[in-house]
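# Survey of secondary and tertiary structure
Now for the letters of each chain:
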Number of protein chains: 2
Amino acid sequence: MSQLEEIFLYIDKNSENFVRELVELIKKPSVSATGEGIETCAEKVERMMAEIGLETKILKANNGNPVVYGEIKGENQNKTLLFYDHYDVQPPDPIEEWTYPPFSGRIENGKIYGRGASDNKGNLVSRLMAVKSFIEVSGKPPVNVKFVIDGEEEIGSPNLEAIVNKYYELFSADGCIWEFGGIDRHGRPCLYLGLKGVLSVELKAKGASKDVHSARAPLIPNPAWRLVWALNKMKNERNQILIEGFYDNVKEPQPEELKCLEEIPFEEEEDKKELGLKEFLHGLTGKEALKALLYDPTCTINGFLAGYTGKGSKTVLPNKAFVKLDFRLVPDQMPNEIFEKLKRHLEKHGFNDIEIIRYGSTEPAKTPVNHPFVRFIAQNAAKVYGKNAVLYPISAGSGPMHLFRRRLNLPVVSAGCSYPEANTHAPNENLPINLYIKGIKFISTILYNFKLYSEKI
Amino acid sequence: MSQLEEIFLYIDKNSENFVRELVELIKKPSVSATGEGIETCAEKVERMMAEIGLETKILKANNGNPVVYGEIKGENQNKTLLFYDHYDVQPPDPIEEWTYPPFSGRIENGKIYGRGASDNKGNLVSRLMAVKSFIEVSGKPPVNVKFVIDGEEEIGSPNLEAIVNKYYELFSADGCIWEFGGIDRHGRPCLYLGLKGVLSVELKAKGASKDVHSARAPLIPNPAWRLVWALNKMKNERNQILIEGFYDNVKEPQPEELKCLEEIPFEEEEDKKELGLKEFLHGLTGKEALKALLYDPTCTINGFLAGYTGKGSKTVLPNKAFVKLDFRLVPDQMPNEIFEKLKRHLEKHGFNDIEIIRYGSTEPAKTPVNHPFVRFIAQNAAKVYGKNAVLYPISAGSGPMHLFRRRLNLPVVSAGCSYPEANTHAPNENLPINLYIKGIKFISTILYNFKLYSEKI
């Protein structure tokens, strides 16, 4: 019996304990948007790590939520695998739509229900349990392991860059497993090699010092109209972004990336049905739609508010208006660059009266499809799940991956134990127990084989 | 002593009673926006009329608020003067900004304070007291008098057209005094000969059946962007309205109207200071600004709502958005015409996905500057106030004047007893007692001389 077989046996024997560990963590609310339970949950994560046998440390910067760090030396001390996960969760609203209370960790029909069950406590605990299994069976894991457990992922990780700068040496590794992933509807393991960047801004326009009667409209500036005209200069009806130089640094996908798209499941009819749409934007369909989803940068109005928004009509001329926008950025568009271009563009078109507020941002990041680390994770996934891995060269979402990919220069692959019906960020978030246990075995397999991994292969 | 001198004497002797009558009416809240006190106030107005000696009638249509009608035959039964006023008032909000309670009718420093003190209970009661004075002194007024007291003026008189259609014969007259007016800062009586029309609409756009994560923006339509693009097709940055045919029926002001503008006080520096503006739209100033205010049709965003409008940012793609707009219309633009043109324009530009909801509307109306009725009222105003009347050929505001001007074919002049510091529609609305008493004498003078009025003069 190989060491890995022993580990699998141990995992099967201890699956009830492992489920209990996850349920206990789900029971600790940790909503970064409101701050609810953050400190308590961070302490719980640190305690879990310490009990397993990891050396832990609480990392803080700028009064942000604690990042829980843990590490342990392995049999082979020349290889280090770093896990990026997060203990914070999305708010559970709308609570009335949950079948079971969101922080109950209730188990029904073989599924663990609760906010964070998949995103990201399920993944986080599956990684911890894999390491625990090696320590229990063999005294230590096969390679060095590091955990970086964020407490602000769901609010854009505003302080993680400062943490990475402050504790730079602590984060050295040979590869990084990112926080999310799972199987598709055909049971194939999906791996994500990159993320789009994002830049959130607010445009504010002001008119008179107070709202006035709309009879005065011939003389009084209207901030809502100012925003309409400014926005119209930013994106046209074909959704082409008009900000000067916006597309300058957009890189076309590599041929090997386009090849990956062929394998990616894209259930467009289900998506359209879910959203009540007859067709996607511009009638996009099939691989063209998938390519747009993954490779098109965007400029989205998240919110717009001006004047009277109650029932019926009111003849008022509002004195202030704002619009909230986000830009999804693709390699190699940078938030700083786009922010400066937006500022210049509005100035150039005469919108100096509009105030631009910058909110959070992250840079895009991706690991090349043909990087040895990608091949390594894909091979291990295929072994565990019995099906070839599906490679997403980039994901439509965003996150602080660039700090690990570019600042720390690590190859990064996102892989996890979730599935399409997990209801991530929605009511009735859940994780099937069998997928959770499979996830622990997947991570164990990666740890076991990582001693043989080489960038040179 | 002439009859009018007797009347003036009677007014001076009874001024305390007349003030009490107004205060009692102010104490009856009658907020048409909420319905508060409407029925009770209508009954009170009818009782006041009946006590004076008028025949009264409650007019209703479409379940709207009652219109209180009153009439009395005069010495000269060949002439009839009709008064249009309203007993409903604006909501008193924000209540905390009132120095005295809004429905107290408190008297301080010679001013009567309260919601409706000027608009329109002050004017309404001043007219009633003028008629009462003639009845008390001489048994009847010099000419036939009719009162049409609206209960929905502050919400756009949605049912007055039905009332006019239903009771058409009741409203025959030789001239109509409209509900508002007063002196300017130099003590000159201001008369208003017309009103702009107004058309209120809402544009609604829909996207998916629910809000989605903004990562999906490359495929999912964004209703907020749809409205931005539609609006941009409706008005450009120079505030030119782009709806096809919008300006077709706009009539240039007549030379005699433009001459009137020379006399109209326009305190632009005070206006700018009040509103915290360095300059008016497009740098308009002086007579150009005044002309724009009175003669330019407008398209105003009253309100805009889409998506997330809380603090900070949220990466959401909203599934619905709406914008509320009003158009101020000048002679001879008609709301029905403009609504049809708006619909066609949006269709033509590919915005069939946008739903257009029509709210209230009124047509523009004006009585020619050189109409004998205008000259008649102006002469009487000059006699009473000792200064030449200022004629506004049209006002920037709106109201149901067209029903009387066009449907009933009456010459209409708006004249009243208010002043620039009356705080109409604002906290601390008030009316100085001396102006109120002067207003009663002004109306009495008009009634006294109206027997000699002829359209032929």
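Since we're looking at a predicted model, the values are computed, not measured.

## Structural notes on helix α10 (residues 335-348) of chain B
Residue and element names in this part refer to chain B. Helix length check: α10 (14 residues) gives 20 Å between terminal C-alpha atoms against 20 Å at 1.5 Å per residue, within 8%. If you check which residues of α10 are buried, you get P335, I338 and L342. The buried residues of α10 occupy an angular sector of 65° when the element is viewed end-on, so they sit on one face. For α10, the exposed residues set more than 90 degrees away from the buried face come down to N336, E340, E347 and K348. As for α10, its buried residues are in contact with β10 (194-206), β14 (320-329) and β15 (355-362).

## Considering the sheet that holds strand β4 (residues 107-108) of chain A
Taken together, three strands build an open sheet; the order of strands is β4-β5-β20 (chain A) and the sheet is antiparallel. In this open sheet, the two strands that pair with only one neighbour each are β4 and β20 (430-432) of chain A.

## What to know about the interface of chain A and chain B
With 59 residues of chain A in contact, the opposing surface of chain B contributes 59 residues. Of all the elements in the fold, those that place two or more residues in the side of chain A that touches chain B are β10 (194-206), α6 (223-232), α9 (286-295), β12 (298-307), β13 (316-317), β14 (320-329), β15 (355-362) and β18 (395-398) of chain A. The leading source of residues in the side of chain A that touches chain B is β12 of chain A, at nine residues. Within the side of chain A that touches chain B, the residues separate by chemical class into 33 nonpolar, 17 polar and nine charged. Judged from the five bridges that link them, β12 of chain A and strand β12 (residues 298-307) of chain B form a sheet pairing that is antiparallel. When the bridges of β12 of chain B are listed, L305 of chain A appears paired with L305 of chain B.

## Re the pairing of strand β9 (residues 189-192) of chain A
Residues and elements named next belong to chain A. Both faces of β9 are covered, namely the face carrying P189 and L191 and the face carrying C190 and Y192. In this sheet, β9 lies alongside strand β8 (residues 182-183) in antiparallel orientation, the contact comprising two bridges. Opposite I183, over in β9, you have P189 as the bridge partner. By the bridge criterion, three bridges tie β9 to strand β17 (residues 390-392) in an arrangement that is parallel. Within β17, the position partnered with Y192 by the bridge is Y392.

## Focus on the domain arrangement of chain A
Residue and element names in this part refer to chain A. Each domain of chain A was delimited in the assignment, giving domain 1 (3-193 + 367-450) and domain 2 (196-250 + 297-362). Centre-to-centre separation of domain 1 and domain 2, based on C-alpha positions: 37 Å. By residue number, the principal contributor to the side of domain 1 that touches domain 2 is β18, which donates three residues. Broken down by class, the residue content of the side of domain 1 that touches domain 2 amounts to four nonpolar, five polar and no charged.

## Regarding the sheet that holds strand β4 (residues 107-108) of chain B
Residue and element names in this part refer to chain B. The three strands are arranged β4-β5-β20 in an open sheet whose pairing can be described as antiparallel. In this open sheet, the two edge strands, each paired with only one partner strand, are β4 and β20 (430-432). Sheet topology note: the β4/strand β5 (residues 111-113) ladder contains two bridges and is antiparallel. Within β5, the position partnered with E108 by the bridge is K111.

## Considerations on the nonpolar core
Ranked by internal contacts, the top residues of the largest apolar core, which has 261 residues, are L191, I377 and V413 of chain A together with L191, I377 and V413 of chain B. In this structure L191 of chain A touches G181, I377, A378, A381, A389, L391, Y392, V413, S414 and A415 of chain A, once residues within four positions along its chain are discounted.

## A word on the relation of the copies chain A and chain B
Screw-axis analysis of chain A against chain B gives a translation of 0.0 Å along the axis, an RMSD of 0.1 Å, and a rotation angle of 180°. The relationship between the two copies is best expressed as a two-fold rotation axis. Same-surface contact between copies: 100% of interface residues of chain A are shared with the interface of chain B.

## Observations regarding the environment of L284 of chain B
Mapping L284 of chain B onto the fold places it in the loop between α8 (268-275) and α9 (286-295). Sequence separation of L284 of chain B and G175 of chain B is 109 residues, and the distance between their C-alpha atoms is 36 Å. In contact with L284 of chain B, not counting residues within four places along its chain, are L219 of chain A together with A289 and A292 of chain B.

Rules of the game
- Residues numbered from 1 in each chain as written.
- Chains lettered and ligands numbered in written order.
- Predicted model: local features only at pLDDT ≥ 70, side-chain atom pairs only at ≥ 80, totals over all residues.
- Helix = DSSP H or I, 4+ residues; strand = E, 2+ residues; numbered from the N terminus.
- Expected span 1.5 Å × (residues − 1).
- Buried ≥ 20, exposed ≤ 12 C-beta atoms within 10 Å, placed from the backbone.
- Arc of directions from axis to C-beta.
- Contact = placed C-beta atoms within 7 Å.
- Pairing = 2+ DSSP bridges.
- Nonpolar A, V, L, I, M, F, W, Y, C, P; charged D, E, K, R; others polar.
- Domains from an automatic or database assignment.
- Core = buried A, V, L, I, M, F, W, Y, C linked by C-beta atoms within 7 Å.
- Least-squares fit on C-alpha atoms with pLDDT ≥ 70 in both.

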